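Close look at the chain arrangement
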Amino acid sequence: MAVKRSGHVRLKAALVLRDALAAELGIPLTAAMTQLRTVENSIGAAQGLSDGKYLEAIGSVCSGDVGHLSSLDSEVRQACNRVQFTPRYAQYLALMLFAHWVHAQMEDADAFLVRLNAYLEANKPKGEAVTEFVGADLQLAAFWMATAAGKTHVLHTCLALLEKRRDWDRIIVITPSESLTRQHADKLRELSAWEVFAYPMDGDASAMGRLPTDAVIVLDINKLATEKKGDGVTVPTSVFSEGRNLVFVDEGHKGQKSEASMWKALQADLAGIDAPTPSHRGLLIEFSATFGQVAEGEHAFDRYAKSVIFDYAYDRFHQDRYGKDFWHVRVQSQGDAEATAQRQTMSAALLSFWYQVSSYRANDTKSLASELGLQVAAPLWVLLGLSVIGSLKNEGDKQQTSDVIDVLSYLSQILQTPDALAASISQIQSAVSGGAEILADDVKKQVVGWRADELAVRVLADCFGWQQGDKPVLRVIKAATGELGMGLLRGDTLHYYGVVNVGDASGLKKKLEECKLAVDDDVLTSSLFARLDDANSGLNVLIGSRRFAEGWDNYRASSLTLLRLGQGEGSLIIQMFGRVVRFSGVNGNGKRIDTSNPQLTALQTAFVYGLKSAYLDSFLQGLVDNGIPEITRIECDVKKHSPKILRSIRAVAPDPKDFVVQVVGDQWLHGLNPSIVSMIASISTAKLVDGQTKGAKSTMGNDITQEFKDCVPVVDRDAIYRELVAWKRQQRWWNMIFEPAAITHALESDKYQIWGMPGVFQIRSGDDLARINRLAVTVVRRLFEGAYRKQQNKKNRYALVGSDQSGIPAKYYKDFVNAE
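The following refers to the structure shown.

Cut-offs applied
Residues numbered from 1 in each chain as written. Predicted model: local features only at pLDDT ≥ 70, side-chain atom pairs only at ≥ 80, totals over all residues. Heavy atoms only, no water. Helix = DSSP H or I, 4+ residues; strand = E, 2+ residues; numbered from the N terminus. Buried < 20%, exposed > 50% of the residue type's maximum accessible area, 1.4 Å probe, protein only. Areas by Shrake-Rupley, 256 points an atom, 1.4 Å probe, with all protein chains shown as cover. Phe/Tyr/Trp six-rings, centres within 6.5 Å; stacked < 30°, edge-to-face > 60°. Lys NZ or Arg CZ within 6 Å of the ring centre and 35° of its normal. Pairing = 2+ DSSP bridges. Contact = heavy atoms within 4.5 Å. Axes fitted to C-alpha atoms, helices over the stretch in contact; angles between N-to-C directions. Core = buried A, V, L, I, M, F, W, Y, C linked by side-chain atoms within 4.5 Å. Expected span 1.5 Å × (residues − 1). Parallel < 35°, antiparallel > 145°, perpendicular 65-115°, else oblique. Left-handed = near helix turned anticlockwise from the far one by under 90°. Nonpolar A, V, L, I, M, F, W, Y, C, P; charged D, E, K, R; others polar.

**Describing the overall build of the protein chain**
- Each helix and strand in the protein chain was counted, giving 29 helices and 29 strands.
- Buried positions account for 55% of the 820 residues belonging to the protein chain.
- Roughly 35,900 Å² of accessible area belongs to the protein chain as shown, and the carbon and sulfur atoms make up 48% of that amount.

Right, dumping it as structure tokens:
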């Protein structure tokens, strides 16, 4: 059966506009990229552009009009100079293709349309139905670029290339949020090239009518509507409908859930896509890292196959050594051991973050980085999910809120009682010594050499600024909307080590108080989130929601812990990932360097942990869908070769009336095989090596039988007896007799072992005691069942059966007999 290809793979093989533009210029894309990459690697992007070496590189493989190529290069260089941008090789090639796209339709749009359709007819994507180009397609362009690949700079350069090409009535930049509106407006103002109006920060809708036509209006998509409703800040698209508009859309993948999406309709309306009056037809130019994800929808596939000018998605971005490497771990455990596994995951994530912090602060690391020109930001531990608190009627929101509360409870506990962290560290040290891969190799080497209690104190001090006697506190920052500060109180002095940024701080406060975590108000402190850019702020932890996936321009994020992800969140996952792999590189070139220094390696690596295994599976699938090859899994068919003459012996169970099982005293335990109860956590890791995902698997757990037996005196034997009576009834084992004393004999015997993570049997609440009772029921039930089977086997009789009755599942059975 054919394997279904992801939207990323399908779209990448069907970018007909990109390929047609390259063909018109006579540029073989692969060869051109190789030549440009060589120039950048050898002399740098700045010299490659200014000295014309980029142009020479393309010209060396060009079979077309080199004069036209030179003209395009001149325009691109002028535009880059205006917006103070030095393009990397892929950005330069994207801008050259875009400049030709503009030229071709300005000179003769009808002739350009004919050439595009002729190319499509001769080069139809295999297995894909891409419709022919129509006039409206010439109004659409898209840039498919990885997060941190410089989409904002390319957008500004496209603006500089286009502004003089037509008499635009309005230039509009649409963002997904107010925070991104501010970011775009600030960056445009820094250029001093255009008048900038950010709505609604700079005035009301009426002020837009008084702006000059070359002013840039920046607003988020939520402020647009087909018509004005109420007295809010919504702007009807009719305000912009009387002219030709140049519209840029950041995060262009938004609004793709259906072909009739409101957001996409609004954008098309603003740009006058296929407007009846030619004078109202403008351009719509989109930017996104995840067009491959939205191309899963057939309506979007055709749209972007014919509008993507250039693609530089994450797979190619990483192979060119841009951004950080990543290393991820998944700890998976079931049932009652899950809570312990999550705490161990949190501790492992904290140790990995601590290693980055200590590496960053080491004098020898700073000296080496300075010598190499490597710019590394102070590490920041980021914990992200879909939301931090939402409607408690929604099960997903309930679970998300619970995850955040678990994290805050964990941090409060280890800061209040460092011994709790020391216990987790000791367990992790024991696990990695036994082969568990819960830490990366370099982190593992550093952690194993410490005494657990000393390392716990060091971690708390380095990561949170903790000192003996500090009291962990949580405070709602009243001067900043939706912020909850995480701090340490030392006498009368409060020091904040992190911030939770939420939509509803008061709602989170209420839920925390229900969980016995006190939350006060802080009316004096200004926004903590705004201070995250400051490496000396003392803020090292950010707990945030999905909105940080978009437009958060910060190089500090270095460790990512995923709180909760949903199915079908591929676009969100790759954007979240983009936040933590952002990297400044050598003199701002954004590239990782090869180094044998493990501390520099740690600062060029994003450590990714998932608190629950399914979320990390979603995360990895998101990477696979964006071009990262997945770990190879091999499945082998099992064939059953069984001639007709083959017979086998099978036991036939006796009738229950033929024997009696008495579980009385302790004699019934003699001769029983030991029962093993496994609560071991499985660990899966993955990292990128030369564009391939490499994985490993291990387990984490010890023999914790004695820890369980230490808890046996507190178990509720009456409750266990009642459960076993119900179990016997369910099994219909009326021939089995047992007494309550047999439960004690079973729990105190040496006929069972429990394997799992140390510390799972700590009794801190009624829930912990209930978990121990459930495990006791499991242990006794297995031993009772062993006693029953022992007596049953004594009464078994045996019979010869044919191969068709042997019990092998039909899906593995190959009809060897008929083949004979």
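**Details of the packing of aromatic side chains**
- Summed over all chains, the structure comprises 22 aromatic pairs.
- Clustering of aromatic rings is evident, with ring pairs tying together Tyr89, Tyr312, Phe317 and Tyr322.
- The side chain of Arg10 reaches across the aromatic face of Phe301, ending 4.2 Å from its centre.
- Here Lys366 stacks its cationic end above the ring of Tyr360, 5.8 Å away from the centre of that ring.

**Structural notes on the environment of Ser698**
- Along the chain, Ser698 turns up in strand β25 (residues 692-700).
- With a relative accessible area of 13%, Ser698 lands in the buried category.
- Expressed as a C-alpha distance, the spacing of Ser698 and Ile683, which sit 15 residues apart in the sequence, is 5.1 Å.

**Topic: the sheet that holds strand β26 (residues 702-703)**
- Strand order in the open sheet formed by three strands is β23-β28-β26, and the pairing between neighbours is mixed. Strands with a single pairing partner mark the edges of an open sheet, and in this sheet they are β23 (675-678) and β26.
- Sheet topology places β23 next to strand β28 (residues 752-756); four bridges connect them, and they run parallel. Looking across to β28, one finds that Ile676 is bridged to Gln753.
- Sheet strands in contact with helix α28 (residues 766-794) are β23 and β28, and its direction is about 150° off that of β23.

**Comments concerning the nonpolar core**
- Residues Phe98, Trp101, Phe143, Phe248 and Ile309 are the most contacted members of the largest nonpolar core, which totals 114 residues.
- In terms of residues, this core owes the most to one element, helix α7 (residues 89-122), which gives 17 residues.
- The contacts of Phe248, once residues within four sequence positions are left out, are Leu155, Cys158, Leu159, Leu162, Ile171, Ile172, Val173, Ile174, Ile285 and Phe287.
- Counting 67 residues, the second largest nonpolar core, distinct from the first, contains Tyr410, Ala431, Leu455 and Val476.

**Observations regarding the environment of Tyr89**
- Examined against the element boundaries, Tyr89 turns out to sit in helix α7.
- Between the C-alpha atom of Tyr89 and that of Leu49, which follows or precedes it by 40 residues, the distance is 9.0 Å.
- Once residues within four sequence positions are removed from consideration, Tyr89 is found in contact with Met33, Leu36, Arg37, Glu40, Tyr54, Tyr312, Asp320 and Tyr322.

**Remarks on helix α18 (residues 418-433)**
- The terminal C-alpha atoms of α18 lie 22 Å apart, and with 16 residues this matches the ideal 22 Å at 1.5 Å per residue to within 8%.
- Burial in α18 covers these residues: Pro418, Leu421, Ala422, Ser424, Ile425, Gln427, Ile428, Gln429, Ala431 and Val432.

**Considerations on the pairing of strand β14 (residues 483-490)**
- Of all eight residues in β14, six are buried; the element is thus mostly enclosed.
- The pairing of strand β13 (residues 471-477) with β14 spans six bridges and is antiparallel. Within the sheet, the bridge partner assigned to Lys471 lies in β14 and is Leu489.
- Where β14 and strand β15 (residues 493-501) come together, eight bridges link them in antiparallel fashion. Bridge pairing in β15 places Leu489 opposite Leu494.
- Here β14 hands over to β15 after two residues, with Gly491 in that stretch at a positive phi of 65°.

**Topic: the packing of α18 against helix α19 (residues 441-448)**
- One can describe the packing of α18 onto α19 by two numbers: an axis separation of 10 Å at closest approach and a directional angle of 120°. Relative to α19, the element α18 is oriented oblique. Where α18 crosses over α19, the handedness of that crossing is left-handed. Counting all contacts with α18, which are made through Gln429, Val432 and Ser433, the residues of α19 involved are Lys444, Val447 and Val448.
- Of the residues assigned to the contact of α18 with α19, the class counts are three nonpolar, two polar and one charged.

**Description of the side chain of Gln105**
- Turning to its location among the elements, Gln105 is positioned in helix α7.
- In this structure Gln105 touches Phe112, Leu138 and Leu283, once residues within four positions along its chain are discounted.

**Remarks on the sheet that holds strand β2 (residues 170-175)**
- Reading across from one edge, β3-β4-β2-β7-β8-β1-β9 is the order of the seven strands in this open sheet, with parallel pairing throughout. The outermost strands of the open sheet, each flanked by one partner alone, are β3 (196-198) and β9 (308-312). For this sheet, the mean angle separating the axes of adjacent strands, direction not counted, is 15°.
- Sheet topology places β2 next to strand β4 (residues 216-220); five bridges connect them, and they run parallel. Counterpart to Ile171 in the pairing with β4 is Val216.

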